[in-house]
Amino acid sequence: MTEVNSPPRLGGWTRFVTARPRLSLFVALVLTALAVVAGSGVADRLGSGGWEDPTAQSTYATKALEREFPASQPNLLLLIDSGSASVDDPAVAAEADRLTARLASEKGVIGVGSYWRTKSPGLRAKDGHEALIAAHLTGDEKATNDTLDRIAPALRGTHGPVHVKVGGIVAVRHEMQTIIKEDLARAEMIALPVTLLLLVMVFGSAIAALLPLGIGIVAILGTNAVLRGLTEFTDVSVFAMNLTTALGLGLAIDYALFIVRRFREELSTGAEPLTAIATTLRTAGRTVLFSALTVAVSLAAMLVFPMYFLRSFAYAGIAVVLLAAAAALILLPAALLLLGHRVNSLDLRRLFRRGRPAQAQAQTQAQTQAPASGEDTAWARLANLVMRRAPFFALATAAVLVLLGLPFLGVKFGTADDRQLPAGAESHVVQQHIRDGFPGNPGGGLEVLAEGSATPAQYTAYKAEITRLPEVAGVDGPLVKGDSAYFTVLPKGEAVDTAAQRLVGELRSADAPFTTKVTGTAAVLVDSKHAIATRLPWAAALIVIVTLLLVFLLTGSVLIPIQAVLLNALSLTAMFGAVVWVFQDGHLSGLLGFTSPGSIETTLPVLMFCVAFGLSMDYGVFLLSRIKEEYDRTGDHHEAVRHGLQRTGGLITAAAVILAVVMVAIGTSRVTNTKMLGLGIALAVLMDAMIVRSLLVPAVMKLTGTATWWAPAPLRRFHDRFGVSEGGENPPGGAGPHRSAAPSRSATSHDVPADENGDGSPNESGGVRAIR
């Protein structure tokens, strides 16, 4: 047995992070301050688009039309409300002409048109009291935002007999950026104090509770600096900042929670701080590193897709995961070494223990420093119950999860629009007035770009051909400029329904004596769905293959990695079902305060899968590492499963609740996509921790029995050489499991909720004490 006074066995990493702890923390403080400076203003440089495939036909056509025919692609709309008067009233027309001329004179504004100049019926409301002025703002997203900031204040509001509201794509995106920044600040104000309170409840000590929060803040600030640097080279979505906050707090707290709790446990057994650090890094630290890799791989899969919206989440996610792990494995050990036993200082729970007998207070203080056995006993009882009724729990939980996921079979994919914004947002109000009050199908038209020399007769013949298509309600044009022209095609149905998407294919396959490219809302959706469908197998393969490999390196089993992938995927069904039932079908829209567009933005399921799958693996690694450690020590499969759930159940649940709190805070956003992401991930995390890890995993592992650990001889030798495990004294590349030589427990030992030797001490075979 390891003696308390024996010299600590320090690995190379432990020596590195504990050699100069004060210097390490000082350097970290300096780097964090630099990150604050480097990351300042990052939100102003982020975009609010990125849902389109930049290599798609629709993207090419849109850019060509913006360049050659800017009036065909208006991105700024002024809704002119004439009140009780008609828009054709002379005073109204005169004021509208003045506003049109003023807008046309502004720098960065081209292609200005209005109802009063064109008399187009599509620009006049059916009731005759509203009409539109349309324009195109030039430049990239930042340039158009700057132009809008400059001209909008003077345009909106009351001008003589009319009232003006500002809308259009530019206004929608600008308003979305502003709201996201405001909502993110509010979410942080909600999440930080609630998270601190939960950590105090978990640890008791205010000092111990502040450490995970500090690691999270370091990860968030560092990632903001990384994103600011990336904006110099590529587009980054403003939505990625929400993931930075959520994962920065959530994962950093997970990792720090795991390490701090193990360190305090080691101290409670009498170990010196340096010895406790060495044991913590050799065990919990190894698991944290392994977990970070699995989460990073799931997020990296989004780099396969061409949309910068998805790629931005990969940039932010990978950066924040690696920074959180680095802070937890470098800065946290240094801080713990300096604090030593003072990590248990400022026990705030003493406020609730006034008046209790001294003996009871002393006992509670001891329980604060060492994890209480009552919690372990409850999880042990749950593990025994689940394994005694393993077939029932396996079938029942799987059936419930599948049932909850059934609404996803009715998913309808669409594009993001103004309905992402709250109902009172100005740009949303403008677009809703256009949808409800103007004739035709505003925003639903398809543009056909024709390139190459052609005669008027050829244009006429092509127009007649596409007019005969069954889904076409009408064709306007062509408008010709040099060797280019464009037609506007109006579909009979909704802007992005099945018929409109089918019409895109028919237009693209129609014969023409010139090259044609089709764009418009339905065309963008078709191209986005195609880009995702063609790359999704590659992203899924990356996640599955790397996950299988990493879990095999952790466990040495062939079956456990397969179980991990399947059960992780099953844990996400409730999230996907809820997303469709709530956000597509509109249930609870009044309670949650959003407008349902009747569809789900195409990239959101991919994003939510990658994030939620990675977080599920995070918790899966925590559980499997403890089960593997115990199985290597005892060779008793039943006891290993019980012991793993007993020792990690409380930890995983606490971590999941804290992460869910952060995600729910993100989910309070007024932007629907952000609300969907936050609330959906929160549901997935809670379902995974409380249902899959607590019920389904132990039930399935009980049913598979000792076959769970089987691997063919070549793979066993591979794992013996390269595998990693939590616990034991071998380095990651050292000897593998010693299950054949491990002593087995008695048949009834799994019913005793005790530590390895029954007294909380380390076992003789070199295993480590439990992580509670």
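None of the values given here were measured: they were computed from a predicted structure.

Turning next to the overall build of the protein. Helices and strands together make up the secondary structure of the protein, namely 25 helices and 11 strands. Burial statistics for the protein: of 772 residues in total, 55% are counted as buried. Across the protein, contacts joining residues at least 24 apart in sequence account for 80% of those joining residues at least 6 apart. As presented, the protein carries roughly 30400 Å² of accessible surface, and 63% of it is formed by carbon and sulfur atoms.

This part takes up unusual backbone geometry. Going from Gly 477 to Pro 478, the amide bond is cis rather than trans, its omega being 10 degrees. Relative to the helices and strands, Pro 478 is located in strand S8 (residues 472–481).

Okay, the packing of helix H20 (residues 573–584) against helix H24 (residues 672–704) next. In the contact formed by H20 and H24, the axes pass within 9 Å of each other and the chain directions differ by 145 degrees. Note that H20 runs across H24; the crossing there is right-handed. Across from Ala 574, Met 575, Ala 578, Val 579 and Phe 583 in H20, the residues of H24 making contact are Thr 672, Lys 675, Met 676, Leu 679, Gly 680, Ile 681, Leu 683, Ala 684 and Met 687. Taken together, the residues of the contact of H20 with H24 sort by class into 11 nonpolar, 2 polar and 1 charged.

Turning our eyes to something else, we now look at the environment of Gly 678. With respect to the helices and strands, the residue Gly 678 is situated in helix H24. It is 9.6 Å that separates the C-alpha atoms of Gly 678 and Val 661, two residues lying 17 residues apart in sequence.

This part is about the packing of aromatic side chains. By the definition in use, this model includes 17 aromatic pairs. Plain terms: the ring middles of Phe 392 and Phe 393 are 5.4 Å apart, the flat faces sit at 75 degrees to each other, and that makes the pair edge-to-face. One aromatic cluster is present, formed by Trp 51, Phe 239, Phe 309 and Phe 313 through successive ring pairs.

Turning to the nonpolar core, a few remarks are in order. With 160 residues, the main nonpolar core has Phe 239, Tyr 255, Val 321, Leu 336, Leu 607 and Ile 681 as its most contacted residues. Beyond its immediate chain neighbours, meaning those up to four positions away, Tyr 255 contacts Val 288, Ser 291, Ala 292, Val 295, Val 321, Ala 324, Ala 325, Ala 328, Asp 618 and Phe 622. Among the nonpolar cores identified, the runner-up in size contains 25 residues, and Trp 116, Ala 131, Leu 155 and Ala 171 belong to it.

So, about the side chain of Gln 431. Looking at where Gln 431 falls in the secondary structure, it is placed in helix H15 (residues 426–437). Gln 431 sits in the buried class, given a relative accessible area of 17%. Residues contacting Gln 431, with those up to four places away along its chain left out, are Leu 77, Gly 167, Gly 168, Val 172 and Asp 418.

We now examine the side chain of Thr 547. Relative to the assigned elements, Thr 547 resides in helix H18 (residues 521–555). Once residues lying within four places of it in the same chain are set aside, the contact partners of Thr 547 are Val 565, Phe 613 and Met 617.

Time to look at helix H3 (residues 57–68). Look at H3: 16 Å from first C-alpha to last across 12 residues, which is about the 16 Å you get at 1.5 Å a residue. Looking at H3, one finds that the buried residues are Ser 58, Thr 59, Ala 61, Thr 62, Ala 64 and Leu 65. Contacts made by the buried residues of H3 are with strand S7 (446–451), strand S9 (484–491), helix H17 (498–509), strand S10 (515–520) and H18.

A few words on the sheet that holds strand S2 (residues 109–114). Ordered by their spatial adjacency, 5 strands build an open sheet running S2-S3-S1-S5-S4, and the pairing between neighbours is antiparallel. A single partner strand is all that each edge strand has here, and the edge strands are S2 and strand S4 (157–159). Between one strand axis and the next, the sheet turns by 25 degrees as a mean value, whatever way the strands run. Pairing of strand S1 (residues 76–81) with strand S5 (residues 162–167) involves 5 bridges; the strand directions are antiparallel. By the bridge assignment for S5, Leu 79 is matched with Lys 165. Relative to the sheet, helix H4 (residues 90–104) contacts S1, S2, strand S3 (130–137), S4 and S5, its axis offset from that of S2 by approximately 165 degrees.

Next up on the list: the sheet that holds S8. Pairing in this open sheet of 4 strands is antiparallel, and the strands run S8-S9-S7-S10 from one edge to the other. Either end of the sheet is taken by a strand with one partner, and the two such strands are S8 and S10. Sheet twist, expressed as the average angle between the axes of neighbouring strands with direction ignored, equals 20 degrees. Of the pairings in the sheet, the one linking S7 to S10 comprises 6 bridges and is antiparallel in character. From the neighbouring strand, Leu 449 faces S10, where its bridge partner is Lys 517. Relative to S8, helix H16 (residues 456–467) is tilted by about 160 degrees, and along the sheet it contacts S7, S8, S9 and S10. Helix-sheet contacts for H17 involve S7, S8, S9 and S10, and the interaxial angle to S7 is about 10 degrees.

Summed over all chains, the structure comprises 24 salt bridges. Salt-bridge contacts for Glu 182 lead to Arg 670; the nearest nitrogen and oxygen are separated by 2.9 Å. Within this pair, whereas Glu 182 is found in helix H7 (residues 169–203), its partner Arg 670 is found in the loop between helix H23 (637–667) and H24, the two being separated by 488 residues in sequence. A salt bridge links Glu 630 to Arg 633, with the shortest nitrogen-to-oxygen separation between them at 3.2 Å. Placement of the pair is Glu 630 and Arg 633 together in helix H22 (residues 604–634), with a separation of 3 residues, close to one helical turn. A relative accessible area of 9% means that Arg 633 is categorised as buried. Connected through salt bridges with shared partners, the residues Glu 182, Asp 183, Arg 186 and Arg 670 form a single ionic network.

In this section: the packing of helix H6 (residues 141–155) against H7. Running from amino to carboxyl end, H6 crosses H7 at an angle of 90 degrees, the nearest separation of the two axes being 10 Å. What the angle tells us is that H6 and H7 run roughly perpendicular. Contacts between H6 and H7 involve Glu 141, Thr 144, Asn 145, Leu 148 and Asp 149 on the former and, on the latter, Val 170, Ala 171, Arg 173, His 174 and Gln 177. Its residues assigned to classes, the contact of H6 with H7 comprises 3 nonpolar, 4 polar and 3 charged.

Let us now look at H17. With 12 residues, H17 extends 17 Å between its outermost C-alpha atoms, agreeing within 8% with the 16 Å of an ideal straight helix rising 1.5 Å per residue. Along H17, the residues that are buried comprise Ala 500, Gln 501, Leu 503, Val 504 and Leu 507. Projection of H17 onto a plane perpendicular to its axis shows the buried side chains occupying an angular sector of 150 degrees, all on one side. Among the exposed residues of H17, those oriented more than 90 degrees off its buried face are Thr 498 and Ser 509. Where H17 is buried, its residues touch S7, H16, S8, S9, S10 and H18.

Turning to the confidence of the model for the protein, a few remarks are in order. Of the residues in the protein, 87% reach a pLDDT of 70 or more, and the chain-wide mean stands at 83. Looking over the protein, one finds the lowest element-wise mean pLDDT in helix H12 (residues 358–369), namely 43, and the highest in helix H14 (residues 390–405), namely 95. Predicted confidence for residues 1–7 stays below pLDDT 50, and this span has 8 contacts to residues more than four positions away or in other chains.

Now for the pairing of S8. Consecutive side chains along a regular strand alternate between the two faces of the sheet. For S8 and S9, the ladder comprises 7 bridges, and the chain directions are antiparallel. Paired with Val 480 across the two strands is Ala 485, which belongs to S9. Taking the residues that link successive antiparallel strands as the turn, the S8-S9 hairpin has 2 residues, and the phi of Gly 482 there is positive, at about 65 degrees.

A separate point is the environment of Ser 509. For Ser 509, the location among the structural elements is in helix H17. On the basis of relative accessible area, Ser 509 is assigned to the exposed category, the value being 54%. A polar contact of 3.2 Å, which involves the side chain of Ser 509, links it to the backbone oxygen of Glu 506.

Cut-offs and rules
- Residues numbered from 1 in each chain as written.
- Predicted model: local features only at pLDDT ≥ 70, side-chain atom pairs only at ≥ 80, totals over all residues.
- Heavy atoms only, no water.
- Helix = DSSP H or I, 4+ residues; strand = E, 2+ residues; numbered from the N terminus.
- Buried < 20%, exposed > 50% of the residue type's maximum accessible area, 1.4 Å probe, protein only.
- Contact = heavy atoms within 4.5 Å.
- Areas by Shrake-Rupley, 256 points an atom, 1.4 Å probe, with all protein chains shown as cover.
- Axes fitted to C-alpha atoms, helices over the stretch in contact; angles between N-to-C directions.
- Left-handed = near helix turned anticlockwise from the far one by under 90°.
- Nonpolar A, V, L, I, M, F, W, Y, C, P; charged D, E, K, R; others polar.
- Phe/Tyr/Trp six-rings, centres within 6.5 Å; stacked < 30°, edge-to-face > 60°.
- Core = buried A, V, L, I, M, F, W, Y, C linked by side-chain atoms within 4.5 Å.
- Expected span 1.5 Å × (residues − 1).
- Pairing = 2+ DSSP bridges.
- Salt bridge = Lys/Arg side-chain N within 4 Å of Asp/Glu carboxyl O.
- Parallel < 35°, antiparallel > 145°, perpendicular 65-115°, else oblique.
- Arc of directions from axis to C-beta.
- pLDDT = per-residue confidence, 0-100.
- Polar contact = N/O pair within 3.5 Å; in protein donor to acceptor, adjacent residues only side chain to side chain.

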